[in-house]
Structures are given as structure tokens and as C-alpha cells.
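An overview of the molecular structure
For reference, the chains in residue letters:
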Amino acid sequence: MTLPLAVAWALIVWLLNGLWQLQLWPQMACYAASVYLLIELSNQNALLRIRSRMVTSMFILLSATSPFLFSQFTSGFVQLCFVIALLPLFQAYQQPQATGTLFYAFLSISVASLARVEVLCYVPLLWLLTATQLHALSWRSWLASLIGLLTPYWFVFFWLLSPFGMTEGGGIDLTPLADHFTRIADLQPSAMRLTLPHVLSIAATVLLATAGALHFWQYSYEDKIRIRLLYGFFSVMTAASLLMAVLMPSLYDVLMPIAFVTASPLVAHVMTFTSSRLSNILFLLSIVLLMAIAVVNTLQPPLG
């Protein structure tokens, strides 16, 4: 009953945060699509050794701890594109010549960067993890991923050169494209402080993801080598996202949606494969904690 209850809880949180009043239907569509694709990702890759919907359930509960992000379409869009990218990326496991799958994976990342160019900061890390965890990077597949990254920007570039993208005087203005990439060059640790809602969501994710990672690596011998490598991918991505969210709070709306995706399998693993009396109590307390944070952050969203 965990997944139906999690979905019901998410619907309540969405309604309390303006789903109906603010007409957040596009954002809700991105969120629902991410939930569905996470189910597919978990099934295709057998992230849990038993048939379980715990990965998706944990994603729903973790995402609900930051309900103030629901109104931001770019957050949901980036999250959806990242989940879409994981599907072909994981299919490339141990296939260094899988140029097509890496093309589509990095194409999805590039599409996300059209909304928030800061997503491109993940690209070097994704290349590294593709080589070390997925064993799927050769010079040909790397070139295919690079072409995937460039493809959306080729369309943008030619749009700006077309009559539709010209200025009123008939001139060519590439300033929007230049300004878009300038935002990456300006990235640096932010002086902006984390507010209480941010801290609560990050702290809960760190606590549960750390517990999940430690539990997985303690019992990793029970899983196949492929699953160990995928969980290594999730661990590194989660740690990187959370660290950047602490150092650059201004990018919270980009980093945390991705952290929720990659932390979910880690949390789901410890929730699924522990069955002692103490672990059952901790499971219920974790659910209550996540729900309590969602309520607090609904009542007291961050300013700005």
C-alpha cells in the first residue's frame, strides 16, 4: 500500500500548494511523467531484487518535502529530462559502441539545459560515471554524446539566423544565446543563505540517502555487479547534487529535483531489505518525518 498512499499524499500536498488555484497542470504533468518513468527505470534495471514500488514511493515522499518547487515549471521539466536521460544511459551498460543510446541520453540533458543551462555542469560527471560505472564510454560514444549535447543548440542557432529570430530591423541577434552560456561562467559559491525549508529538505535527503548507501554497500554482495555499479552511479550523483545545493543555494531548484531522483533508489533499498522490529519502527518514523517536513514547508515556504 506504500505507493497508493504516497500518491494520495502527493496529491494532497499539490492541492495545498496551489494545484487548483494556480493551475499548475503543466508542472503536475511533468511530475506525473517522472513518477511513471521511474517505475519503468526501476523495472527495466531491477534496481530492487524483489518486485517493489519502493523506489517510486520514496521519490514521491522526498519530492514532497520541497513543495515550493511545484510552482516552478523549469524544476519539473529538468527533473523529467534527467529521468528520461537515465533510461537510455543505463541501457548502454558495458556497450562502449552504443552511440545511439548515449546520443539520446545526452540529448535529453541538453534539452533540459535549454530551460536551465546550469544542468550542463553535470556533463563532465556524467561522462566520468559513464566510463567508470557503466563501462560504456569510447571515443565514438563520447562523440555521439557530444553531438547530442550540441543538437538542440544547433536548432536554436539556426532559429536566431532565420527571419523568425531576427530583430525588428532585420539584424541577427545572438545575444540571447551568449547570455544563456554566460550564466555558467558566472557560477560560484553563493552568498545566499539556506532557509529553514531548504535545510529541512536537504537534511532529510542526506540522512536517508546516507543510511541507504551504507546499507547497500554493507550488503552489496547480495546484488549483481551491474546493480552495484548502478548504485555507485546513484551515490555519486546524489552526493554531488547535495554538495552543490549547499554551496550554491541559488541553484536549489535545479539541483534538488535531480537529487530526489538519484537518492530514491538508495533510500528504497534500506526500506525494502530491512525487516527487524527496529528497522520497521525506523521505516515508519522516516515516513512520518518526510510528511512532517512537507507540512512545515507548505506552511512556511522560503521567501523569494
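Below: a short report on this structure.

Scoring rules and cut-offs
Residues numbered from 1 in each chain as written. Predicted model: local features only at pLDDT ≥ 70, side-chain atom pairs only at ≥ 80, totals over all residues. Heavy atoms only, no water. 1 Å grid on protein atoms, 1.4 Å probe; cavity = no way out; pocket = protein on both sides within 12 Å on 5 of 7 lines; lining within 4 Å. Points joined across faces, edges and corners; volume = space filled by probe spheres on them. Helix = DSSP H or I, 4+ residues; strand = E, 2+ residues; numbered from the N terminus. Nonpolar A, V, L, I, M, F, W, Y, C, P; charged D, E, K, R; others polar. Patch = residues over 30% accessible without salt bridge, like charges linked within 9 Å, V, L, I, M, F, W, Y side chains within 5 Å. Areas by Shrake-Rupley, 256 points an atom, 1.4 Å probe, with all protein chains shown as cover. Salt bridge = Lys/Arg side-chain N within 4 Å of Asp/Glu carboxyl O. Buried < 20%, exposed > 50% of the residue type's maximum accessible area, 1.4 Å probe, protein only. Contact = heavy atoms within 4.5 Å. Core = buried A, V, L, I, M, F, W, Y, C linked by side-chain atoms within 4.5 Å.

A few points about the layout of surface pockets
Approximately 300 Å³ is the volume attributed to the largest pocket. Around the largest pocket sit 14 residues that line it, and Val270, Met271, Leu282, Phe283 and Ser286 are the ones nearest its centre. Taken together, the elements giving at least two residues each to the lining of the largest pocket come down to helix H9 (196-218), helix H11 (252-272) and helix H12 (277-299). The biggest single contributor to the lining of the largest pocket is H12, with 7 residues. Counted by class, the lining of the largest pocket contains 9 nonpolar, 5 polar and no charged residues.

Here's the deal with a nonpolar patch on the surface
Residues Trp139, Trp142, Leu143, Ile147, Leu150, Trp154, Phe157, Phe158, Leu161, Ile172 and Leu174 make up a contiguous nonpolar surface patch of about 1100 Å² in total accessible area. Along the chain, tryptophan 154 turns up in helix H7 (residues 139-161). On the basis of relative accessibility, which here comes to 43%, the residue tryptophan 154 falls in the partly exposed class.

Topic: empty space enclosed by the protein
Counted by the stated rule, this structure contains 2 cavities of 30 Å³ or more. Its boundaries defined by the atoms lining it, the largest cavity holds a volume of some 150 Å³. Considering the residues around the largest cavity, the lining is formed by 13 residues, among which Tyr31, Leu69, Phe70, Gly76 and Gln79 are closest to the centre. For the lining of the largest cavity, the elements supplying multiple residues, two or more each, are helix H2 (25-45), helix H4 (73-91) and H11. No other element matches the 3 residues that H4 contributes to the lining of the largest cavity. Taken together, the residues that form the lining of the largest cavity break down as 6 nonpolar, 7 polar and no charged. Computed from the structure, the second largest cavity encloses a volume of approximately 30 Å³. Lining the second largest cavity are Glu118, Cys121, Tyr122, Leu187, Met244, Met248, Leu251 and Leu255. Among the residues making up the lining of the second largest cavity, the classes are represented as 7 nonpolar, no polar and 1 charged.

Observations concerning the environment of isoleucine 293
Within the element layout of this structure, isoleucine 293 appears in helix H12. Note on isoleucine 293: relative accessible area 6%, which makes it buried. In this structure the C-alpha to C-alpha distance between isoleucine 293 and leucine 22, which are 271 residues apart in sequence, comes to 22 Å. Excluding residues within four positions of it along the chain, isoleucine 293 makes contact with Thr65, Leu200, Ser201 and Ala204.

Some remarks on the environment of phenylalanine 216
Of note, phenylalanine 216 is situated in helix H9. Measuring from C-alpha to C-alpha, the distance between phenylalanine 216 and proline 265 comes to 10.0 Å, with 49 residues separating the pair along the chain. For phenylalanine 216, the residues in contact, after removing those within four places along its chain, are Asp223, Ile227, Arg228, Tyr231 and His269.

Side note on the nonpolar core
Judged by nonpolar contacts, the single largest core of 96 residues is most densely connected at Leu86, Leu89, Phe90, Phe106, Phe233 and Met237. Top contributing element to this core by residue count: H11, with 14 residues.

With respect to the pattern of salt bridges
For the coordinates displayed, the defined rule picks out 4 salt bridges. Close ionic contact of glutamate 118 with arginine 116 constitutes a salt bridge, the shortest N to O distance being 3.2 Å. Arginine 116 shares its class with glutamate 118; the two are buried. When salt bridges with common partners are traced through the structure, they connect Arg49, Glu222 and Asp223 into a single cluster.

Some details on the environment of isoleucine 84
With respect to the helices and strands, the residue isoleucine 84 is situated in helix H4. Classification of isoleucine 84 by relative accessible area gives partly exposed; the value is 35%. Leave out the neighbours within four places in its chain, and isoleucine 84 touches Leu37 and Ser108.

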